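Okay, here's what each chain looks like letter by letter:
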Amino acid sequence: MASLTLKDLYKSYGNTEVLHGISGEIQDGEFVVIVGPSGCGKSTLLRMIAGLEIISAGEVYIGDRKVNDLEPADRDIAMVFQNYALYPHMSVRQNMAYGLKIRGISKKEINRRVEEAADILEIREYLDRKPRQLSGGQRQRVAMGRAIVREPEVFLFDEPLSNLDAKLRVQMRLEIRKLQQRLGVTAVYVTHDQVEAMTLGDRLMVLNAGYVEQFGTPLELYERPASLFVAGFIGSPAMNFLEAKGQPDGMLQLENGVVISGAKSEGPVTLGMRPEHLIEDTEGPIRIEVSVLEQLGANTLIHGTLEGTEREMVASLPGIHQLEPGRVLGFLIRPDELHQFDSKTGKRL
Amino acid sequence: MLKRVHFPPSILPYLLVAPQVAITLIFFIWPAAEALYQSFLIEDAFGLSTEFVWFENFDALFKDPQYTGAFLRTAFFSGAVAFLSLSLAIVLAGFADRVVRGATVYRTLLIWPYAIAPVLAGALWAFMFNPTLGIISYALEFINVDWNYKVNGRQAMALVIMAAAWKQVAYNFLFYLAAMQSIPKSVIEAAAIDGAGPIRRFWTIIFPLVSPTTFFLLVINAVYAFFDTFGIIDAVTQGGPANATTILVYKVYNDGFVGLDLGGSAAQSVILMALVIAMTVVQFRFIEKKVEY
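Residues numbered from 1 in each chain as written. Chains lettered and ligands numbered in written order. Predicted model: local features only at pLDDT ≥ 70, side-chain atom pairs only at ≥ 80, totals over all residues. Heavy atoms only, no water.

What follows covers the nonpolar core. Judged by nonpolar contacts, the single largest core of 61 residues is most densely connected at Leu4(A), Leu6(A), Leu45(A) and Leu156(A). Top element by residues in this core is helix 7 (residues 153-181) of chain B. It accounts for 7 residues. For Leu6(A), the contacting residues outside a window of four places in its chain are Ile22(A), Ser23(A), Gly24(A), Leu45(A), Ile49(A), Glu59(A), Val60(A) and Met205(A). Tyr84(A), Met144(A), Leu164(A) and Leu200(A) belong to the second largest nonpolar core, which has 45 residues in total. (Core = buried A, V, L, I, M, F, W, Y, C linked by side-chain atoms within 4.5 Å. Buried < 20%, exposed > 50% of the residue type's maximum accessible area, 1.4 Å probe, protein only. Helix = DSSP H or I, 4+ residues; strand = E, 2+ residues; numbered from the N terminus. Contact = heavy atoms within 4.5 Å.)

Turning our eyes to something else, we now look at unusual backbone geometry. With glycine set apart, most residues show a phi of negative sign, and most peptide bonds adopt trans. Residues and elements named next belong to chain A. Residue Pro237 follows Ser236 across a cis peptide bond; omega there is -5°. Residue position: Pro237 is located in the loop between helix 8 (228-233) and strand 11 (240-246). Backbone geometry places Ala85, a non-glycine residue, at a positive phi of 55°. Among the structural elements, Ala85 can be located in the loop between strand 6 (77-80) and helix 2 (92-102). With phi around 40°, Glu159 is a residue other than glycine that occupies positive phi space. Looking at the element boundaries, Glu159 is found in the loop between strand 7 (154-158) and helix 5 (166-183). Using a relative accessible area of 10% as the deciding quantity, one classes Glu159 as buried.

Right, let's get into the packing of helix 3 (residues 65-98) of chain B against helix 7 of chain B. Residue and element names in this part refer to chain B. Relative to each other, helix 3 and helix 7 sit at 40°, their axes nearing to 6 Å. Taken together, the axes of helix 3 and helix 7 lie oblique to each other. Viewed along their axes, helix 3 and helix 7 form a crossing whose handedness is right-handed. Per-class residue counts for the contact of helix 3 with helix 7 are 23 nonpolar, 5 polar and 2 charged. (Axes fitted to C-alpha atoms, helices over the stretch in contact; angles between N-to-C directions. Parallel < 35°, antiparallel > 145°, perpendicular 65-115°, else oblique. Left-handed = near helix turned anticlockwise from the far one by under 90°. Nonpolar A, V, L, I, M, F, W, Y, C, P; charged D, E, K, R; others polar.)

Residue position: Thr245(B) is located in the loop between helix 11 (230-236) and helix 12 (248-258). Thr245(B) has contacts with Arg73(B), Ala156(B), Met157(B), Val160(B), Ile233(B), Thr237(B), Gly239(B) and Gly240(B), leaving out every residue within four places of it along the chain.

This part is about the layout of surface pockets. All names here are of chain B. Computed from the structure, the largest pocket encloses a volume of approximately 1400 Å³. Lining the largest pocket are 39 residues, and of these Asp97, Arg98, Lys185, Ile188 and Arg201 sit closest to its centre. Counting residues per element, the ones that place at least two in the lining of the largest pocket are helix 3, helix 7, helix 8 (185-193) and helix 9 (198-209). Examining the composition of the lining of the largest pocket, we find that 7 residues originate from one element, helix 3, more than from any other. Grouping the amino acids of the lining of the largest pocket by side-chain chemistry returns 22 nonpolar, 6 polar and 11 charged. (1 Å grid on protein atoms, 1.4 Å probe; cavity = no way out; pocket = protein on both sides within 12 Å on 5 of 7 lines; lining within 4 Å. Points joined across faces, edges and corners; volume = space filled by probe spheres on them.)

Further remarks concern the sheet that holds strand 2 (residues 16-26) of chain A. All names here are of chain A. Strands sit in the order 2-1-4-5 across an open sheet of 4 strands; the sheet is antiparallel. One side of each edge strand has no neighbouring strand; the edge strands of this open sheet are strand 2 and strand 5 (65-66). In this sheet, strand 2 lies alongside strand 1 (residues 4-13) in antiparallel orientation, the contact comprising 8 bridges. By the bridge assignment for strand 2, Lys11 is matched with Leu19. Against the sheet, helix 1 (residues 42-50) contacts strand 1 and strand 2, and its axis sits at roughly 115° relative to strand 1. (Pairing = 2+ DSSP bridges.)

Structure follows, in C-alpha cells:
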C-alpha cells in the first residue's frame, strides 16, 4: 500500500503538448477516478503512472519512491486493460501466475495466491480454461485476478468496463468497489463515464484538454463545480446554462429580460441550474414553455425553452405530470443552487 | 431471407477463366503428364529408340546410392535453410516491431533481397566467396580459414545454404512482422507490467503467439528450398564439388539435360511432384485449421 503523488506532469508528442502540468496527491488506500471526454489525456496520464509512456516533464512518486525512470515491472503496480490483455495461449491459472513466476515466487505460494484470488472473484471453476473460452465478464475477472495476485502498491484501471454490456457493467462496478475496499489498495481508475466515476471514486480528477478542471469528491463536484466544463460534465440530465447580465443593483437579468436576485458580479455571467433544482412555482420568475415530456415514473423531465427565447431548458419534477406542449410553467431556484460562472474564463464565481 | 440473384446463362464466365485454365493446362498439366509418361520410358544412348519399361526407372533410382544420397542431402539442405532463414527473420522482425524511428527504411531494406532473382543472389554470394577474388575469402584468410568451396564440399554446402537462406529471410520477415503487429500491444504491455523483460516477453508471449505463422512458413520454406534454390545452386556450385550440393531438383536437371538420361530424370521429377503435392496437402489441411494455442 502506498500513496501516489503526481507533480506537475507534462506530456508532449513531438511539438504537441497533450498534458499541461497535472498535479495531485492520492492517499494510501484511496480510490481516485480520472474522468474526462475522449482525447483529454486521461489514458496517457494513467500510462505515464504505469511506466508505459515516457514522462516529458514532472515527477511521479509511489510512496516516497520517485519512479520516473523505473521500468513498469519495478514500479510495483498492476494494471487492468480495457481489452483485458490476457495472454491468449495460457490458461487462466497461467495468466494469473505469470507475473509471480517471473518474480521467482515459490510454486506453493503462487498456487495459494491464485486460488485465493480465484475464490474472491468466483472464477475457480475456470482456472484451467483458455481466455477465448470465457465470456467478457469472466475475462474481466481474470484480468483483475492477475492484478490481485501480484499484491501491488497501486492498482491502475484503464476503462476496464467499457467492453461490457450495460447490466454487467453496473454489476462489475460494484464488485470493483467492494474489492478495492476489501483489499484496501490505492487505485487509479480511468473512465469517460461520469456515472461510473461518481459511483466508484472517493475523489474524481476531471481532465479536459490536458488540464485538471477540478479534483475533489463526487459531491464537491456536484455541488460546487469549479468550472463550466465540470458543471456540464457531472450530473444527468446535464445542467442548464443561461447567459445573464449582472446589474449594479445585485440583480441578474436573464436572456428574456426577466430579473432574478443573487448577482455575484457585474457584467455578463453564465448561470448554471441543475434540472432537479428547479422548483415549480406559479409565481416563479424562470418561465419555461413546455415542448416535450419524458416520463421516467419516479420523476418527469420537462423539456422546453425559456419563455420568449430559443434557449433550451430541462427541468426535472418528482412524480408524474401531464402537461400539454405550449404550456408555460414558472420555476424558482434556491440561491445556493444557482451556479454562476465567468462567461469568458468559465471559472466559478 | 436472402434472395438469390439469377443471371441468364452466359459464356462470359467461361471466357473469364479461360486464360488461367489455358496457362494451367499448357504450363503445368501438360508437362506433368509428359514427365509422368517419360518416366516409364528408357531411351538408348543415341536417341534412336525408346522402350516402355513400366517402373524400371523408379526401381533403378531407389537402388542408386547417389539418389538416396541426394535425398538426404536435400533434407539437410532444406532443414538448414528453413531454420536459418526463419530464425534470422524472427529476430529481425522482433527488432523491427520495436523500432520507432526509421522503421520504414529498415523494413524496405530488409525486403529488398526478396526482389532479387535466385541466380543473381547466387552470383552475388559466389563473387563474395570466390576463392581467388572474393572479398570474404580474403577476409577469412586473415583468421586462418582455408576457404575454397570449389574443392571443399562442406564449405560449398554452407555457402549455398547461406545464399538460399539470405534470399528467403525477407519473405519470412514480412510474415513475422505482420504476425507480431497483430498481437495486441496491451498484451505485451501487460507482460511488461508483470515484470517480463524484452527477451522473456519474446520467448513466453511473442514466440508462442506467432507459432501459426512459424508453421506456415516452415512449409513454405521447405518448398522453397526444394525447388526454388535451383538458380542459386546452378550459379554457385553447379551441384559440386563431387555432388556435395546436388539436391534433388538439381539432380533432375543434371541427369536429364547434362547426363541425357531422360527416363531417369523424369522419374525423379515425378517423385518430386509427389513430394510437393504432399506438402501442399499438409499445408492446406493443417494451416487452414490453424495451430492451436
